[in-house]
Amino acid sequence: MQTTWKGTISFGLVSIPVHLYSATQEHDVPLHQVHAKDGGRVRMKRYCEREEKEVPYAEIAKGYESPDGRTVTLSDEDLADLPLPSKKIIDVLAFVDEGEIDPLMFSKAYYVGVADKAAAKPYALLRDALTDSGQIAVTKIALRTRESPAVLRVHDNTLVLQTCIWPDEVRPAAGIAPEGDVAIRPQELKMARSLMDTLSEDFDLSQLHDDYQQALQQVITARLEGVEVPHEEEPGEAPDNVIDLMEALRSSLKQAKGGRGGGAGEAAPEEAEPAPRKRAPVKRSASKAAASGKAPSETAASEKSAGKTSARSPAAKKTTTRKPSAPRKAS
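Residues numbered from 1 in each chain as written. Predicted model: local features only at pLDDT ≥ 70, side-chain atom pairs only at ≥ 80, totals over all residues. Heavy atoms only, no water.

A look at the overall build of the chain
Within the chain, the regular secondary structure consists of seven helices and twelve strands. Considering the chain as a whole, with its 331 residues, one finds that 20% of them fall into the buried category. Residue pairs at least 24 apart in sequence account for 58% of intrachain contacts in the chain once pairs closer than 6 positions are excluded. (Helix = DSSP H or I, 4+ residues; strand = E, 2+ residues; numbered from the N terminus. Buried < 20%, exposed > 50% of the residue type's maximum accessible area, 1.4 Å probe, protein only. Contact = heavy atoms within 4.5 Å.)

Take a look at the structure:
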């Protein structure tokens, strides 16, 4: 692995000679500029406006133009001899909890390796102290033509230096989020949390892959072989606005559970709907039972069951039986 920077970590009076190595690498399909008309390669040439000719890279230097139009030329030696302590020393300034640094400030990561065997013990001491405390070290470092704040943290038992941007380089977020208080119902929040839990089941970040690079390679291969370029079906139009947030959450939850082999038909975690009220069975008369075609035994059983239900029901009313009138004497 190629060394990016050589210097020393200063931890109080302890010095740790170290090398930095790039911890990340991006995978891109290499593309270059061509003339769209005929495919001819378009190259960028270093052209001097004063001499009106192309100049070699060895004669290129950096310059600064002042507001009044004057230009100052800076050579590599000027930049290398800057009076900057962080040019070769990573000075540990403080130790803070990792949560105190906004991830928005993090930039590029570098693995920190020892420069010699003598640095192994102080290296391990700093690494174990960071691990034991759960903190990160705040530092500054000058890389190439820029000084940056940085943090030292532990990853896979290895020290990692992560450069940061300066706090005043973070743009304010005022006016971007919705203004005013947005009312969120407890059911909506509960449904959203349930959807979050379902989507997080068995998630493995290492299984993610770059679909864009894969699709681009398919197009390039098709062009090289002279076959039809693959096209993806037109996606459906996204809704302009969420009319029913609860319904959208409910549908999302069912879809997520179905995609993970869960019960797609499971009830969503929302407020339970009241059960329908049961109506008390009505007593049927013998004439109605006969009209329905039921046997007398079935009718009696039904009336008996209805009588029990009515007796148990608090809304059951008492019925009065009229005494039969005496037979009239013949005159």
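After that view, the rundown keeps rolling.
Overview of the packing of aromatic side chains
The final tally for this structure, using the stated rule, is one aromatic pair. With 5.8 Å between their ring centres and 75° between their planes, Phe11 and Phe95 make a pair best called edge-to-face. Here Phe11 is found in strand β1 (residues 3-11), whereas its partner Phe95 is found in strand β8 (residues 94-97), with 84 residues between them in sequence. Above the ring of Tyr110, the side-chain terminus of Lys108 is found at 5.7 Å from the ring centroid. (Phe/Tyr/Trp six-rings, centres within 6.5 Å; stacked < 30°, edge-to-face > 60°. Lys NZ or Arg CZ within 6 Å of the ring centre and 35° of its normal.)

A short note on the pattern of salt bridges
One pass over the full model with this rule turns up seven salt bridges. The closest approach of N and O atoms between Glu51 and Lys53, which form a salt bridge, is 3.3 Å. The partly exposed category is assigned to Lys53, whose relative accessible area is 44%. (Salt bridge = Lys/Arg side-chain N within 4 Å of Asp/Glu carboxyl O.)

Some points on a nonpolar patch on the surface
On the surface, a cluster of nonpolar side chains totalling about 280 Å² of accessible area is made up of Tyr64, Val72 and Leu74. Checked against the element boundaries, Val72 lands in strand β6 (residues 71-74). (Patch = residues over 30% accessible without salt bridge, like charges linked within 9 Å, V, L, I, M, F, W, Y side chains within 5 Å. Areas by Shrake-Rupley, 256 points an atom, 1.4 Å probe, with all protein chains shown as cover.)

Here's the deal with the confidence of the model for the chain
Summing up the model confidence of the chain, the mean pLDDT is 79 and the portion of residues at 70 or higher is 75%. Across the chain, element-level confidence peaks in strand β12 (residues 158-164) with a mean pLDDT of 97 and bottoms out in helix α6 (residues 286-292) with 43. Counting contacts from residues 263-278, a segment whose pLDDT is below 50, to residues more than four positions away or on other chains yields 15 contacts. In this model residues 282-327 is a low-confidence stretch, pLDDT under 50, and it forms 13 contacts with partners more than four residues away in sequence or in other chains. (pLDDT = per-residue confidence, 0-100.)

Topic: the side chain of Gln162
Mapped onto the elements, Gln162 comes out in strand β12. According to the relative accessible area criterion, Gln162 is buried, its value standing at 9%. Here Ser107 takes part through its backbone oxygen, which lies 3.2 Å from a polar atom of the side chain of Gln162. Dropping the residues within four chain positions of it, Gln162 is found in contact with Phe106, Ser107, Lys108, Ala109, Pro149, Ala150, Val151 and Arg153. (Polar contact = N/O pair within 3.5 Å; in protein donor to acceptor, adjacent residues only side chain to side chain.)

A short note on the side chain of Ser148
Along the chain, Ser148 turns up in strand β11 (residues 146-155). In terms of polar contacts, Ser148 uses its side chain to reach the side chain of Arg146, at 3.3 Å. Setting aside residues no more than four positions away along its own chain, Ser148 makes contact with Thr139, Lys140, Ile141, Thr163, Cys164 and Trp166.

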